[in-house]
Amino acid sequence: MIVPAAESSDEVFVARAAAGDDAAFEALVVRYQRRVFRLACRLTSETDAPDVVQETFLQIYRHLSTFRGDALFSTWVYRIATNVGLMHRRARARRPAEPLDEFLPRFDADGTLEATPDALRIPSRVDELLDRHELARKAQAAIDRLPDLYREAFVLRDLEELSTAEVALVLGVEPATVRQRVHRARLLVRGYLSELAGGRP
Amino acid sequence: MRQIVCVSGVELLMEYMEGALAPDVRAAIEAHVAACPRCEAFIASYREMPRIMRDATTIEMPADLEASLLAALRAARGDARPRDE
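Quick look at the structure, then. Source: prediction; values computed, not measured.

## Focus: the overall build of chain B
Here comes step 1: Counting its regular elements, chain B contains 5 helices and 0 strands.
Here comes step 2: Counting from the amino terminus, helix and strand elements in chain B follow one another as α-α-α-α-α.
Here comes step 3: Taking all 85 residues of chain B together, the buried fraction comes to 22%.

What follows is the structure, encoded as structure tokens:
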């Protein structure tokens, strides 16, 4: 049974689901599955996402009774999905991707950006220069090359568009730490896009 | 007033964008960027990047997966009732 979203808050469904109401649990699944799927694709891959989604909702189901309501249910969902995604990546244990450090912006001895203004704008044109499929593949490759801590923060903040405060709650760190990780990820990904579009960091 | 060059402005950019800086540092960054075409260009591409990455990595959940997820969860729940913790 699918209950319209406006009818009841997450917390009401969680309480009912924890009391054994499977329809309430399934209403939560339906409400969150698309968000969890999109997040899972970004944190792992389109191929791995279905397993990550299923495992995420199973963990939510198993631990419904531990959800205390001192956080938003959505925060809890993002936290579990992020952890499941990370475990999934580790289980794959593929060859570690090359880090992105070479793509950081470069400065001269005076602290001035080395590249010209035109060159510095190049990353903004990558979506005009690459075909859609190629860009999708390279964009995912860029996410994969980020260190775990940066990847989680960047995906949640910039791709899922959570606020810095929400990301801090999901990851259990201070907002300043989120800003530091997201900023570093932005510099790395921006430089990577620049190289893809034929420029320099 | 704190002296800002490109490297220190870039370092503080996200904190600047989120309003996490002291007013004097904020003013120093604005003064530098207003006179620095490199920083202006850098910031434009820094702001644009998340949208490009978002658009390039948005994958909608396939309809058949929506259907199979509920079925798979029902099957898995059979042996995974919530624990009393």
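## Quick word on the overall build of chain A
Here comes step 1: A tally of helices and strands in chain A yields 10 helices and 0 strands.
Here comes step 2: Mapped from its N terminus to its C terminus, chain A presents α and β elements in the order α-α-α-α-α-α-α-α-α-α.
Here comes step 3: With the C-alpha coordinates aligned to their principal axes, the bounding extent of chain A is approximately 65 × 35 × 35 Å.
Here comes step 4: Within chain A, the proportion of its 201 residues that are buried is 42%.
Here comes step 5: The contacts in chain A between residues at least 6 apart in sequence include a share of 65% that link residues at least 24 apart.

## Some remarks on the interface of chain B and chain A
Here comes step 1: The partner chain A presents 48 residues to the 44 residues of chain B that form the contact.
Here comes step 2: Elements that contribute at least two residues to the side of chain B that touches chain A include exactly α1 (6-11), α2 (13-17), α4 (37-56) and α5 (63-77) of chain B.

## Let's talk about helix α4 (residues 73-92) of chain A
Residue and element names in this part refer to chain A.
Here comes step 1: Taking 1.5 Å as the rise per residue, α4 with 20 residues should run 28 Å; its terminal C-alpha atoms sit 29 Å apart, in good agreement.
Here comes step 2: Three or more residues of α4 are buried, namely Trp76, Val77, Tyr78, Ala81, Thr82, Val84 and Gly85.
Here comes step 3: Residues of α4 that are buried in the fold lie against α2 (22-43), α3 (49-62), α8 (148-159) and α9 (164-171).

## Looking at the environment of Glu114 of chain A
Residue and element names in this part refer to chain A.
Here comes step 1: Position of Glu114 among the secondary structure elements: in the loop between α4 and α5 (117-120).
Here comes step 2: Distance in space between the C-alpha atoms of Glu114 and Asp70 is 48 Å, their sequence separation being 44 residues.
Here comes step 3: In this view, Glu114 contacts Arg106, Phe107 and Asp108; residues no more than four positions away in its chain are not counted.

## Some points on the nonpolar core
Here comes step 1: Grouped together as the largest cluster of nonpolar side chains are 71 residues, with contacts concentrated most on Leu28, Ala40 and Ala153 of chain A.
Here comes step 2: The biggest single contributor to this core is α2 of chain A, with 12 residues.

## As for the packing of α3 of chain A against α5 of chain B
Here comes step 1: One can describe the packing of α3 of chain A onto α5 of chain B by two numbers: an axis separation of 10 Å at closest approach and a directional angle of 45°. By the angle class used here, α3 of chain A and α5 of chain B are oblique. The handedness of the crossing between α3 of chain A and α5 of chain B comes out as right-handed. Residue-level inspection shows Pro50, Val53, Gln54, Phe57, Leu58 and Tyr61 of chain A of α3 of chain A in contact with α5 of chain B, the latter providing Leu65, Leu69, Ala72, Leu73, Ala76 and Arg77 of chain B.

## Describing unusual backbone geometry
Here comes step 1: Non-glycine residue Glu161 of chain A carries a positive phi angle of around 60°.
Here comes step 2: Within the fold, Glu161 of chain A resides in the loop between α8 and α9.

## Comments concerning the packing of α2 of chain A against α5 of chain B
Here comes step 1: Two elements in contact, α2 of chain A and α5 of chain B, have axes whose closest approach is 11 Å; the angle formed by their N-to-C orientations is 145°. Here α2 of chain A and α5 of chain B pass one another in a crossing that is right-handed. Contacts between α2 of chain A and α5 of chain B involve Glu26, Val29 and Gln33 of chain A from the former and Glu66, Leu69, Leu70 and Leu73 of chain B from the latter.
Here comes step 2: Taken together, the residues that form the contact of α2 of chain A with α5 of chain B break down as 4 nonpolar, 1 polar and 2 charged.

## Regarding the environment of Ala27 of chain A
Residues and elements named next belong to chain A.
Here comes step 1: In this structure, Ala27 sits in helix α2.
Here comes step 2: The class of Ala27 is buried, set by 23 C-beta atoms lying within 10 Å.
Here comes step 3: Ala27 sits 167 residues away from Ser194 along the chain, and the two C-alpha atoms are 43 Å apart.

The rules behind each value
- Residues numbered from 1 in each chain as written.
- Chains lettered and ligands numbered in written order.
- Predicted model: local features only at pLDDT ≥ 70, side-chain atom pairs only at ≥ 80, totals over all residues.
- Helix = DSSP H or I, 4+ residues; strand = E, 2+ residues; numbered from the N terminus.
- Buried ≥ 20, exposed ≤ 12 C-beta atoms within 10 Å, placed from the backbone.
- Contact = placed C-beta atoms within 7 Å.
- Expected span 1.5 Å × (residues − 1).
- Core = buried A, V, L, I, M, F, W, Y, C linked by C-beta atoms within 7 Å.
- Axes fitted to C-alpha atoms, helices over the stretch in contact; angles between N-to-C directions.
- Parallel < 35°, antiparallel > 145°, perpendicular 65-115°, else oblique.
- Left-handed = near helix turned anticlockwise from the far one by under 90°.
- Nonpolar A, V, L, I, M, F, W, Y, C, P; charged D, E, K, R; others polar.

Read these as spatial facts, not as claims about activity.
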